[in-house]
Amino acid sequence: GDAGRLKGLLQGRRVVVTSGPTHEPIDPVRYLANRSSGRQGHAIAAAAARAGAAVTLVSGPVAIPDPAGVRTIHVETARQMLDAVEGALPADIAICAAAVADWRPVAEGEQKLKKQPGAGAPALDLVENPDILATISKLAKHRPGLVVGFAAETENLIEHARAKLQRKGCDLIVANDVSPSGGVMGGARNTVHLVTASGVESWEETTKEEVARRLVAHVAGLLGEPGA
Ligand code: CTP
Ligand code: CA
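Residues numbered from 1 in each chain as written. Chains lettered and ligands numbered in written order. Predicted model: local features only at pLDDT ≥ 70, side-chain atom pairs only at ≥ 80, totals over all residues. Heavy atoms only, no water.

1. Thoughts on the confidence of the model for the protein
Part 1 of the reasoning: Looking at the protein as a whole, the pLDDT averages 94, with 97% of positions reaching at least 70.
Part 2 of the reasoning: The element-level mean pLDDT for the protein is lowest in helix α1 (residues 2–6), coming to 78, with strand β4 (residues 54–59) highest at 99.
Part 3 of the reasoning: With a pTM of 0.95, the predicted complex shows an ipTM of 0.99. (pLDDT = per-residue confidence, 0-100. Helix = DSSP H or I, 4+ residues; strand = E, 2+ residues; numbered from the N terminus.)

2. Some points on helix α6 (residues 208–223)
Spacing of three or four residues puts side chains on the same side of an α-helix, whose turn is 3.6 residues.
Part 1 of the reasoning: If you check α6, its first and last C-alpha atoms are 22 Å apart, about what 16 residues at 1.5 Å a residue would give, namely 22 Å.
Part 2 of the reasoning: Those residues of α6 not exposed but buried are K208, E210, V211, A212, R213, L215, V216, V219, A220 and L223.
Part 3 of the reasoning: Downstream of α6 by a residue or two, G224 has a phi angle that is positive, lying close to 85 degrees. (Expected span 1.5 Å × (residues − 1). Buried < 20%, exposed > 50% of the residue type's maximum accessible area, 1.4 Å probe, protein only.)

3. Overview of the site of ligand 1
Part 1 of the reasoning: Residues in contact with ligand 1 amount to 15 residues; listed here are only the nearest, C96, A98, F150, K164 and K168.
Part 2 of the reasoning: For ligand 1, whose unbound accessible area comes to 560 Å², protein coverage reaches 78%.
Part 3 of the reasoning: Among the cavities detected, the one that contains ligand 1 is the largest pocket.
Part 4 of the reasoning: Within the residue set of the shell around ligand 1, elements represented by two or more residues are α4 (132–137), β9 (146–153) and α5 (157–168).
Part 5 of the reasoning: It is β9 that provides the largest number of residues to the shell around ligand 1, a total of four residues.
Part 6 of the reasoning: Class assignment of the residues belonging to the shell around ligand 1 gives a composition of nine nonpolar, one polar and five charged. (Near = heavy atom within 4 Å. Areas by Shrake-Rupley, 256 points an atom, 1.4 Å probe, with all protein chains shown as cover. 1 Å grid on protein atoms, 1.4 Å probe; cavity = no way out; pocket = protein on both sides within 12 Å on 5 of 7 lines; lining within 4 Å. Sits in = over half its atoms within 2 Å of the grid points. Nonpolar A, V, L, I, M, F, W, Y, C, P; charged D, E, K, R; others polar.)

Right, dumping it as structure tokens:
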């Protein structure tokens with residue numbers, strides 16, 4: 001079965017996984033976020049644990065339970081997620097499946113923003129968040145031996161994934177089409193393409209759990225034998 005397939009593949013390995021969205025506060029009651037459910041990242045963390053790895057899952061706010069056998073750290077913002085990931089290193093493998101908010105409000109209002117009669121809508125000034133995947137891919141010390149990113153695209157999937165692989169400095173990009181018609185964001189199934197410097201491997205549409213199992217087996221293969 002499932003556990004049998006993965007058994008021992010990542011024994012003795014340390015794995016860090018990011019999952020879910022981030023919430024970037026606007027004021028005490030409002031935030032910027034996205035539609036990520038955390039399903040794919042959580043399934044990867046669970047599969048890595050079943051493969052025998054010591055797994056740290058750094059999760060943004062999600063509505064799904066912590067996976068069994070996984071040390072789960074709950075965060076809200078991109079900056080908190082980066083701190084937690086860095087705190088979980090060193091690791092053999094990092095898999096960044098989180099849908100990190102690209103921008104955050106410049107400053108969090110201390111009080112709830114109020115409507116000002118006649119003044120119109122407030123402007124939301126944004127600043128770019130740290131890129132967790134790029135940051136850990138470029139670490140001089142403690143760069144995980146294998147760094148995996150995801151690319152969520154609505155067009156030119158492979159082209160954008162190749163560009164991301166280069167820009168981020170990671171070893172593998174799992175590219176998935178998140179066009180609204182595909183139902184991937186929040187859905188149960190996924191169609192992914194593994195993009196590396198040496199080419200593209202496309203997998204047929206399947207469940208996020210099966211993508212997770214196949215990905216764990218794949219990265220275990222890339223890493224080779226324990227201690228190698
Ligand atoms: N990522 C990250 N930190 C960020 C933004 C993205 O770690 N601040 C990671 C994601 O977890 C994913 C990969 O980078 O593994 C690609 O995320 P994606 O949103 O597809 O790419 P971006 O570089 O943010 O580019 P864009 O959203 O403009 O396509
Ligand atoms: Ca992004």
